[in-house]
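Residue-level structural notes
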Amino acid sequence: MTRVVVRPRIRMALFMIISDVFALAGLSYLANGHVVADRNWPGVGLGCALTLIGGLGVWRTLRLGVIIDQSGLLVRSFAASNRLVPWTAVQSIGSEKLFLRGGRPFYAPVLQVDGIGRLTAPEVGSSSLEEAEQKAADLRGLQAAAQNYRPAVISG
């Protein structure tokens, strides 16, 4: 089974811009000769903190997305920790209207998961109901393929 990675491109672009602003603000503050030359330690700390926050934001942004493979779905979000949903815990996969985006309905696959309940996957959603249903069908096919997946055993 192949590994599929789905990334939210618009959200990634926005997070990248915000993170870059923090990093550049910190670097430009440190580049000011008066902060370091005058030994303004709170200012140096502020510049380092802004640069570190921006760098951490860039790193978290580059990891955003949903990874689908034979073990299940790995959801990587910006602020929360990674969440692995194994295929064995998924009871059913359907598609529903989640919200309105720009006055148009937005549809996405919805997974019923043991112990979690209803889990939406807006990263693989669409404004077209047919496309969202096709993605839900693709996920059901990947779930079936993962449950039938048997790794090759090499004896010798």
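The following paragraphs examine the structure supplied in this document.

Let us look at helix 1 (residues 9-31). Between its terminal C-alpha atoms helix 1 stretches 32 Å, which fits the 33 Å expected from 23 residues at 1.5 Å a residue. Listing the buried residues of helix 1 in full gives Met12, Ser19, Ala23 and Gly26. Residues of helix 1 that are buried sit in contact with helix 3 (41-62).

Here the focus is the packing of aromatic side chains. Tallied over the entire structure, the rule returns two aromatic pairs. Consider the rings of phenylalanine 15 and phenylalanine 78, whose centres lie 4.4 Å apart with planes at 25 degrees: the pair is stacked. A residue pair is termed long-range when its members are at least 10 positions apart, and phenylalanine 15 in helix 1 and phenylalanine 78 in the loop between strand 3 (72-76) and strand 4 (83-86) qualify at 63 residues. Of the residues examined, phenylalanine 15 reaches a relative accessible area of 24% and is grouped as partly exposed.

This paragraph deals with the environment of glycine 47. Locating glycine 47 in the fold gives a position in helix 3. Judged by its relative accessible area of 0%, glycine 47 falls in the buried class. Taking the C-alpha atoms as reference, glycine 47 lies 41 Å from serine 126; in sequence the two are 79 residues apart.

Despite not being glycine, arginine 39 has its phi angle at roughly 55 degrees, a positive value. With respect to the element layout, arginine 39 can be found in the loop between helix 2 (33-37) and helix 3. Look at arginine 39 and you get exposed, because its relative accessible area is 57%.

Attention now moves to the pairing of strand 7 (residues 117-120). Relative to strand 7, strand 6 (residues 104-113) runs antiparallel, the two being bridged by four bridges. Bridging from a neighbouring strand, valine 113 pairs with glycine 117 of strand 7.

Looking at chain direction, strand 5 (residues 90-101) and strand 6 are connected through 10 bridges and run antiparallel. Along strand 6, the bridge assignment pairs leucine 100 with proline 105. Turn length for the strand 5-strand 6 hairpin, with the two strands adjacent in sequence and antiparallel, is two residues, and the turn residue glycine 102 shows positive phi of about 65 degrees.

Thresholds applied
Residues numbered from 1 in each chain as written. Predicted model: local features only at pLDDT ≥ 70, side-chain atom pairs only at ≥ 80, totals over all residues. Heavy atoms only, no water. Helix = DSSP H or I, 4+ residues; strand = E, 2+ residues; numbered from the N terminus. Expected span 1.5 Å × (residues − 1). Buried < 20%, exposed > 50% of the residue type's maximum accessible area, 1.4 Å probe, protein only. Contact = heavy atoms within 4.5 Å. Phe/Tyr/Trp six-rings, centres within 6.5 Å; stacked < 30°, edge-to-face > 60°. Pairing = 2+ DSSP bridges.

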